[in-house]
Amino acid sequence: MWVTPFEPQPAPHEVTGSFPSPFDEPGPPALARRAAEALQAELRAGLIAPGLPSALLDEPEGGKMFGVLVVREPGGRIGFLRSFSGMLAGRWDVPGFVPPLFDREARARLEPEGEAAVKAQHARAEALRTSPELASLRAAHEAQEVRHTTERAALRARHEERRRQRHARRAEFTAPGGAETQAVHPGPPPGSHGVKAEPLGDAEKRAALHALDQESRGDKAEARRMEATHEEERRALAPKLARLERRLRASERLRRIVSRAMMKRLHDTYAVPNAKGERRLLRALFTSGEPPSGAADCAGPKLLAQAFAHGLQPLALAEFWWGAPPMSGGRASGAFYAACRDKCGPLLPYMLEGLSVSAPRTFAPPASASDGLSILFEDAWLVVVDKPEGLLSVPGREASLTDSVLTRLRARYPRATGPLLVHRLDLDTSGLLVAALDAGTHATLQRQFLHRQVHKRYVAWVQGQVKGERGTIDFPMRVDLDDRPRQIHDPVHGKPAVTEWQVLERSGDRTRVAFFPHTGRTHQLRVHAAHPLGLGAPIVGDRLYGHPGARLLLHAEALTLLHPGTGQRVTFERPAPF
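Residues numbered from 1 in each chain as written. Predicted model: local features only at pLDDT ≥ 70, side-chain atom pairs only at ≥ 80, totals over all residues. Heavy atoms only, no water.

### A few points about the overall build of the protein chain
Piece 1. Looking only at helices and strands, the protein chain has twelve helices and 19 strands in total.
Piece 2. Projected onto its principal axes, the C-alpha coordinates of the protein chain cover approximately 135 × 75 × 45 Å.
Piece 3. Here the protein chain holds 578 residues, and 42% of them are scored as buried.
Piece 4. In the protein chain, once contacts between residues fewer than 6 apart in sequence are set aside, the share between residues at least 24 apart is 67%.
Piece 5. Surface exposure of the protein chain reaches about 30,200 Å², of which carbon and sulfur atoms provide 54%.
Piece 6. Each charge class in the protein chain can be summarised by its mean position, and for the 80 positive and 67 negative side chains these summaries are 3 Å apart. (Helix = DSSP H or I, 4+ residues; strand = E, 2+ residues; numbered from the N terminus. Buried < 20%, exposed > 50% of the residue type's maximum accessible area, 1.4 Å probe, protein only. Contact = heavy atoms within 4.5 Å. Areas by Shrake-Rupley, 256 points an atom, 1.4 Å probe, with all protein chains shown as cover. Lys, Arg positive; Asp, Glu negative; His and termini not counted. Charge placed at Lys NZ, Arg CZ, Asp CG, Glu CD.)

Written as structure tokens, this is what we have:
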């Protein structure tokens, strides 16, 4: 059996009446946390299971989401089940962890045939994509395009020069008096006894203009001949290339069709149970489309399915990451995370039907003890505010989240016009914010931020010993569409994010760092600190990218900008309160 009993057993008051929502953002309940910490202690000791060292989780891309489910056995004893998402070290089954949810026999029948079909189709597509004939035709087509472009440009330049010369000669013939003084043959120098030039007659003028028209028509004919030659060359090459490109696209479409068909058959090996004893096929639970890859292989669904299969009463669930973070970032070893929305959002509510489940708790900023603002500077144009940690820059989307720096500014400066705030700080970040008291000043300041003319300095304590003394972090970021508001590294769809940094102090297992952002992406400094491509050391107290604490130790310490009223460069500073 996979149940690990608690020793000592929990007291009655430790067991909640309702099953806590797996989508709780503030973290798991105490009993689930206790079970998770027991598993974490085993991982920290060096073993996942006999013969399977936990060090493999620290290898690049080796980190894994683990889960524990607190359960009550039929006899009343309370313990917990343990699980991991997907496969671990290439295995579905690891001693001490619950098995996968799918039907093993059905999967065993499908996988050899399905994998062979998918691999064969992939191999055919890959052979087409890397064929020497396709590579040769693509190279010839590219070279042909370059040569045609060069030849067209050279011909246009020659024709443009001829056109300019013809225009000048026509002007001589058509200008007042110009035709009367134009000689057929140049005359001798003044004072000589040679024959003087004769003025052009109307017939000669017409002949000269006709010659210019003929030259213009000749240029157009030359352009048509070149285009005809180019078209003939394209017709000799393009159909061959198009035929291979069509074959490649058809092969890719067939590969996707075969893969989707195989995935549907694999999805149908998952019969998802719930607490009422009902079962539904996995695909039936994803009404808006096909289930995403890995659906029902997360830790939570596997744990609940095992509990239902053995008559165990689920009491609480916790999931945490252990090991190296994924390349996209957004996960810290040992940190707890709510169930994912894309894979588990449609699954877990169905699986928990029949249980009393608490409503999900969402993160809410703490109530502020003050309704005022700490004003560092103010004049007729702008105001510089020292924002406290835990206060929103602007009101939230929910009706209850109205308190913010912007709300307080509007109350303090009722005659101010325009949007007021020029930039924002995260809820968890403290420090300097600039507001403009009129629309013109706001536009001027925003241009400075847009063109990176504002120099910003942040200070933070990060968890870990940072390597080196200074450097630049530069990698693109975007929002995690499945886990808002977290941001992730995405080299394809991300937007540029650049931060300079400098070590200020080292103390124990923490490092005090100054950050100088060159761009203003959401959570930029938090992601750049935590991600392995950055410092690899999350900011202390970061509930999204590290481990929650009393507060996020990140502070906007200094701002330098051009004063919109005086034109002078001014600097505002407020030391960090930590």
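### Considering the nonpolar core
Piece 1. Of all hydrophobic cores here, the largest spans 40 residues; its most connected members are Leu 409 and Phe 515.
Piece 2. Of all the elements in the fold, those that place two or more residues in this core are β10 (382–387), α10 (405–412), β11 (430–436), β12 (455–463), β16 (498–507), β17 (510–517), α12 (524–530) and β18 (554–562).
Piece 3. Examining the composition of this core, we find that four residues originate from one element, α12, more than from any other.
Piece 4. Residues within four places of Phe 515 in sequence aside, it is in contact with Lys 456, Arg 457, Tyr 458, Ala 460, Val 462, Thr 499, Glu 500, Trp 501, Leu 525, Ala 529 and Leu 535.
Piece 5. Residues Leu 81, Ala 295, Cys 298 and Leu 317 belong to the second largest nonpolar core, which totals 32 residues. (Core = buried A, V, L, I, M, F, W, Y, C linked by side-chain atoms within 4.5 Å.)

### Description of the packing of helix α3 (residues 132–174) against helix α5 (residues 202–267)
Piece 1. Direction vectors running N to C along α3 and α5 enclose 170°, while the axes themselves pass 10 Å from each other. Taken together, α3 and α5 sit at an angle that is classed as roughly antiparallel.
Piece 2. Residues of the contact of α3 with α5, tallied by class, amount to 14 nonpolar, six polar and 21 charged. (Axes fitted to C-alpha atoms, helices over the stretch in contact; angles between N-to-C directions. Parallel < 35°, antiparallel > 145°, perpendicular 65-115°, else oblique. Nonpolar A, V, L, I, M, F, W, Y, C, P; charged D, E, K, R; others polar.)

### Overview of the packing of aromatic side chains
Given two aromatic rings, their pairing is described by the distance between the two centres and the angle made by the two planes.
Piece 1. Applying the stated criterion to the full structure yields nine aromatic pairs.
Piece 2. The interplanar angle of 80° and the centroid separation of 5.1 Å between the aromatic rings of Trp 92 and Phe 102 together place this pair among those described as edge-to-face. Here Phe 102 lies in the loop between β5 (78–84) and α2 (104–129) and Trp 92 lies in the loop between β5 and α2, a separation of ten residues in the sequence.
Piece 3. Their ring planes at 45° and their centres at 5.1 Å tell us that Phe 377 and Phe 572 sit as a pair that is tilted. One end of the pair, Phe 377, is in strand β9 (residues 375–378); the other, Phe 572, is in strand β19 (residues 569–573), with 195 residues separating them in the sequence.
Piece 4. Of the residues examined, Phe 377 reaches a relative accessible area of 28% and is grouped as partly exposed. (Phe/Tyr/Trp six-rings, centres within 6.5 Å; stacked < 30°, edge-to-face > 60°.)

### Section: the sheet that holds strand β4 (residues 64–72)
Strand pairing in a sheet relies on backbone hydrogen bonds. The paired strands run either parallel or antiparallel.
Piece 1. Taken in spatial order, the four strands line up as β1-β5-β4-β8 in an open sheet, and their pairing is antiparallel. Every other strand in the sheet has two partners, leaving β1 (4–5) and β8 (313–322) as the edge strands with one partner each.
Piece 2. By the bridge criterion, seven bridges tie β4 to β5 in an arrangement that is antiparallel. If you follow Phe 66 over to β5, its bridge partner there is Phe 84.
Piece 3. Set on the sheet, helix α1 (residues 30–45) makes contact with β4, β5 and β8; between it and β8 the angle comes to about 45°.
Piece 4. Together, β4, β5 and β8 form the strand contacts of helix α7 (residues 299–309), whose direction differs from that of β5 by roughly 135°. (Pairing = 2+ DSSP bridges.)

### Quick notes on the pairing of β9
Piece 1. Note that β9 and β10 share three bridges and pair antiparallel. Its bridge partner being in β10, Phe 377 is matched across the sheet by Val 384.
Piece 2. What sits between the antiparallel neighbours β9 and β10 is a turn of three residues.

### Let's talk about α1
Piece 1. Between the first and last C-alpha of α1 there are 22 Å, a value that for 16 residues agrees with the 22 Å anticipated at 1.5 Å per step.
Piece 2. For α1, every residue scored as buried is listed here: Leu 31, Ala 32, Ala 35, Ala 36, Leu 39, Gln 40 and Leu 43.
Piece 3. Those residues of α1 that are buried are in contact with β2 (47–49), β4, β5 and β8.
Piece 4. Looking one or two places after α1, you find Gly 46, whose phi comes out positive at around 120°. (Expected span 1.5 Å × (residues − 1).)

### What about the pattern of salt bridges?
Piece 1. Summed over the entire model, instances satisfying the criterion amount to 39 salt bridges.
Piece 2. Glu 42 serves as the salt-bridge partner of Arg 82, at 2.6 Å between the closest nitrogen and oxygen. Of this pair, Arg 82 sits in strand β5 while Glu 42 sits in helix α1, and the two are 40 residues apart along the sequence.
Piece 3. According to the relative accessible area criterion, Arg 82 is buried, its value standing at 6%.
Piece 4. A single salt-bridge network, built from bridges that share partners, covers Arg 158, Arg 162, Arg 166, Arg 169, Glu 215, Asp 219 and Glu 222. (Salt bridge = Lys/Arg side-chain N within 4 Å of Asp/Glu carboxyl O.)

### Here's the deal with the side chain of Asp 297
Piece 1. Among the structural elements, Asp 297 can be located in the loop between α6 (282–285) and α7.
Piece 2. One buried charged residue, Asp 297, remains without a salt bridge, the closest side chain of opposite sign being Arg 107 at 5.3 Å.
Piece 3. When near neighbours in sequence (up to four residues on either side) are disregarded, Asp 297 contacts Phe 84, Ser 85, Gly 86, Trp 92, Phe 102, Tyr 270 and Lys 302.

Note that all results are geometric; they support no functional claim without further evidence.
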